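These are the residues of each chain, in order.
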Amino acid sequence: MNYIFGVIGGQSAGPQPTGAETVQKLCDRVASSTLLEDRRDAVRALKSLSKKYRLEVGTKAMEHLLHILRTDSSDTEILGYALDTLYNIVCNDEEEEPEENHQKQEDDMGVQFTDKFIQEPDNVTLLLTLLEEFDFHVRWPGVKLLTALLKNQCAQAQGIILVSPMGVSRLMDLLADSREVIRNDGLLLLQQLTKGNAAIQKIVAFENAFERLLDIITEEGSSDGGIVVEDCLLLLLNLLKNNSSNQNFFKEGSYIQRMKPWFEVGDDNSGWSAQKVTNLHLMLQLVRVMVSPVNSPGGTSSCQKAMFQCGLLQQLCTILMATGVPADILTETINTVSEVIRGSDVNQDYFASVNAPSNPPRPAIVVLLMSMVNERQPFVLRCAVLYCFQCFLYKNHKGQGEIVSTLLPSTIDANSISAGQLLCGGLFSSDSLSNWCAAVALAHALQDNLTQKEQLLRVQLATSLGKPPVSLLQQCTNILSQGSRVQTKVGLLMLLCTWICNCPIAVMHFLHNQDNVPFLTGQISENLGEDERLVQGLCALLLGICIYYNDNSLENYTKEKLKQLIEKRIGKENFVEKLGFVTKHELYSRAAQKPQPAFSAPEHMLFDHEFTKLVKELEGVITKAVLKSSEEEKKEEEVKKTIEQHDSIVTQYKELIREQDSQLKEMKEQMASLMLQNETLQNTTTQQLSQIQQHKDQYNILKLKLGKDNQQTGSQVDGAHVNGLQLEELSQLREQLEDLHRENQSLQTQLTEKDNVITSLVRKAEGVPSAEGSTSENTEILRVEKLKAQLQSQTAEITQLQTERQELIGRYETRATVPVTGEDSGYSEKIAELESRLSTQNTETQKLKEEVKALLESKESMEKELASSTSTVAILQAEKNKLQKEVQDSKKEQDELLMLLADQDQKILSLKQKLEELGETIEDEDDLDTKDQFDEDDDDDEEEEDEEDDDE
């Protein structure tokens, strides 16, 4: 102990040991001391030496310190000293400012010790376990040590934490710590943990990170808060940037709505602190991350919609038009508003309606364009305004029309400044940057909009007094030919290429000026300097567009003549080479990366993002159009004509097939209806056959009976028939016969009509009248004819039977009128017998009907019972499935518990082995249980003996 205090305190007499010797002795003391206090003092001494003798402590003491973390976990003080020592070893002191070489050596040393620490993944897992300790002296240095490990070797440490059970969840608990120091350092730890690892970002997000971070930001005062708010915003940026899953989770969790209060800036905007500017800058970046053009279109659109609905866009526009806002915040706000409205019709319409608080009120677009064409404004602000204008016109045909309309003669208002006037003013000003920005802005007003390209041809400009006005197109070419700066030339050439592309009328207007083509060919053919190569390439592109979109309406400048001009004055290979200068330019590839114009200096603003897409689309087709000969073009035109003819023929056949398909469908429907009618007729015929058979049976029975009666009655009855009732009977029979003839005639007419309909449908289905017809259709016709013949024969039989029935009924009535004699007594008895039998049958029939009714009722009740039982079975089946699922879940939980118990037993066994190696005696739990059981049995025996003694 005195030795340790001597090392820490004053100097002792004699030669002093070196730092390495002192560290070695302290390490030996840590390894060999049996008393906890001695080890604690030795570790405290190593901590005090770890900064001055970092290399010695790191190489000799790291293993001993890790052993202390494993074995002395019950003593929080020694754990804190060990963690602080390890932190000093792996972390570089940021407060000092050493020389550059020395700093590099320190960084390399920290990386080496970090590699040594995480070489064994169990060390990181042990550190995560120690973070669960609530004691401040353990948790705080543990957080700092893990943060340092992540700074030095981020990817390796992230991989170990990711596979560690509940590793990320333990770190998320740091945000809930009531001690601000630990919570704030936990934020720094999570920042390092979530860098560039999408899997960890998702886990952190689903551990309710968004809710906790937003609560902390609100508690700390939002944009007026301190460094803690900045750390929370940086962590949110890590979680959301380039992570579509977390962005969807943030949007669906309604966290966008909670961002609106951040931007509620008051009227007094004077005295913005540096921290507030930083916080608000990060908040604007967070909004831009959600609506970035590189995100998926669906996700960006839904976020833009949510920002408009919750009023976030309106709040941003308020900051945009406010006074006293710092320049960098105003610039970032313009960029943020740009991406919130980009491609969203609703947001673009709202932005068009925003007015600046001026007298008289002016549209926000006009105010922003005034800043863009003003050369005294900061460069980054002018770039932001240009980007905002581009985003406002992106896929916005309505907005494009409104901008172009401000240039037309019928809508110009001399008392107010319009967007079109500002663009024209910037286009022809002396500032080359204003020329470029105005040209690009006007080109975006024409992007993919043929109508506005044609409308812009109507714009006339007054150059000077006494001279006629010239068109805007002509004025652009005039300025181009006057030898302006490279930036101005590039801007005007981009505007002209966008204007005449895919617009033959604009091409004709451009070629109508006799000076334009000679100027272009002259620029392309000259051998100019490095700076002018880009202008030559753009001139070649413009001339190529004039060839590709030429409708040959001007005789002097047809496609063929322009190609001949290129071949004679420039050369086709030279033309293609000059055309390639555009895509080979360094700034071209930089502008093609993202829509926002981001340039380090004004002279670097040469290309626009949308124009790079146009060049990529046109370069190949223009090269082919120029290199092709007239014969190849004729062949291609012939091939195109052939293809068009073929396409027209195919289209005609498709239409014909569609018509035939529709007709066939109609025929099938009609055939189906006829089949139903046919089945109905067959059923009717069957019923009539059964009726005929019944009538035949009745007729035979009556005939037999009448034959017997006629033999008995003799000639007396016949005479009565002839004399008394024969004439009346004949008249009735004739009336009935006429009725039957009329019914027969109507049936014949109906059958003829159906026959005609079937025949016409068959011919229509065949397309062309055919004598043979299809087999199925002939079969159907024969079936109908057969049915018609059967129906006619059945009708005749019915008529005959009805006639005989009426005759028999007349005879019975005649018999009834004749007085009953002795000879007729037998006949009367038969009549009475028949009536009794008929009444008996009627009674039996009534009984059968009642039985059928009772059976139907019982059937309905049984069906209801079956339905109820079926529903009961379905409910029981659902409960059974639910119980089976619960059983499976419980089995799975039991398996997991068994696995955990097995792991615990294994750990207990390993710990017992280590204790046995250290010389400790350990009793098995099973032995202890057995011993306890024996002790309990002995106690029970003694109690029984005492009870027996008491009884005695």
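Every value quoted in this text rests on a predicted model; they were computed, and no experiment measured them.

Student: Go over the overall build of the protein chain, please, and point to the residues and values.
Tutor: Within the protein chain, the regular secondary structure consists of 41 helices and 4 strands. In the protein chain, which comprises 952 residues, the proportion classed as buried is 39%. In the protein chain, the proportion of contacts linking residues at least 24 apart, taken out of those at least 6 apart, comes to 71%. Here the protein chain displays about 54500 Å² of accessible surface, and carbon together with sulfur accounts for 51% of that area.

Student: Tell me about the pattern of salt bridges, and please be specific about residues and values.
Tutor: Tallying each qualifying case throughout the model produces 17 salt bridges. For R183, the salt bridge identified is with E220, shortest N-O distance 3.1 Å. Of this pair, R183 sits in helix α11 (residues 180–193) while E220 sits in the loop between α13 (209–219) and α14 (227–240); the two residues are 37 residues apart in sequence, bridging distant segments of the chain. A residue is classified by how much of its surface remains accessible, and E220, at 26% relative accessible area, is partly exposed. Each member of the salt-bridge network shares a partner with another, and the members are R40, D75 and E77.

Student: Tell me about the nonpolar core, and name the residues and values.
Tutor: Grouped together as the largest cluster of nonpolar side chains are 209 residues, with contacts concentrated most on L146, L171, W262, F263, F351, W499 and L541. Per element, the largest residue contribution to this core is 12 residues, and it comes from helix α22 (residues 379–393). When near neighbours in sequence (up to four residues on either side) are disregarded, F263 contacts L280, M283, L284, V287, L312, Q315, L316 and I319.

Student: Explain the side chain of S432 to me, and be specific about the residues and the numbers.
Tutor: Its location among the elements puts S432 in helix α25 (residues 432–444). Overall, S432 belongs to the buried group, its relative accessible area being 8%. Contacts of S432, omitting those with residues within four sequence positions, involve R485, Q487 and T488.

Student: Quick one: what's the story with the confidence of the model for the protein chain, residue by residue and with numbers?
Tutor: Of all residues in the protein chain, 74% have pLDDT values of 70 or greater, and the mean over the chain is 80. The low-confidence segment residues 812–825 (pLDDT under 50) makes 20 contacts with residues lying over four places distant or belonging to another chain.

Student: Outline helix α17 (residues 297–309), listing residues and values.
Tutor: In a regular helix each residue adds 1.5 Å, so 13 residues correspond to 18 Å; α17 covers 18 Å between its end C-alpha atoms and thus fits that length. Of all the residues in α17, the buried ones are G299, T300, C303, Q304, A306 and M307. All buried residues of α17 lie within an arc of 165° about the axis, which places them on one face of the element. Of the exposed residues in α17, the ones pointing more than 90 degrees away from its buried face are P297, G298, K305 and Q309. As for α17, its buried residues are in contact with α15 (244–252), α16 (274–290), α18 (312–321), α19 (327–341) and α20 (345–353). G311, located one to two residues past α17, shows a positive phi value of around 90°.

Student: Before we move on, could you go through the packing of aromatic side chains and cite the residues and values that matter?
Tutor: The final tally for this structure, using the stated rule, is 11 aromatic pairs. On the numbers, 6.3 Å between centres and 85° between planes, the contact of W436 with F599 is edge-to-face. Within this pair, whereas W436 is found in helix α25, its partner F599 is found in the loop between α35 (586–591) and α36 (609–627), the two being separated by 163 residues in sequence. Considered together, W436 and F599 belong to a single accessibility category, that of buried residues. Three or more aromatic residues joined by ring pairs form one cluster here, namely F206, F210, F249, F250 and Y255. Over the ring of F134 we find R179, and its NZ or CZ is 3.9 Å from the ring centre.

The rules we used
Residues numbered from 1 in each chain as written. Predicted model: local features only at pLDDT ≥ 70, side-chain atom pairs only at ≥ 80, totals over all residues. Heavy atoms only, no water. Helix = DSSP H or I, 4+ residues; strand = E, 2+ residues; numbered from the N terminus. Buried < 20%, exposed > 50% of the residue type's maximum accessible area, 1.4 Å probe, protein only. Contact = heavy atoms within 4.5 Å. Areas by Shrake-Rupley, 256 points an atom, 1.4 Å probe, with all protein chains shown as cover. Salt bridge = Lys/Arg side-chain N within 4 Å of Asp/Glu carboxyl O. Core = buried A, V, L, I, M, F, W, Y, C linked by side-chain atoms within 4.5 Å. pLDDT = per-residue confidence, 0-100. Expected span 1.5 Å × (residues − 1). Arc of directions from axis to C-beta. Phe/Tyr/Trp six-rings, centres within 6.5 Å; stacked < 30°, edge-to-face > 60°. Lys NZ or Arg CZ within 6 Å of the ring centre and 35° of its normal.

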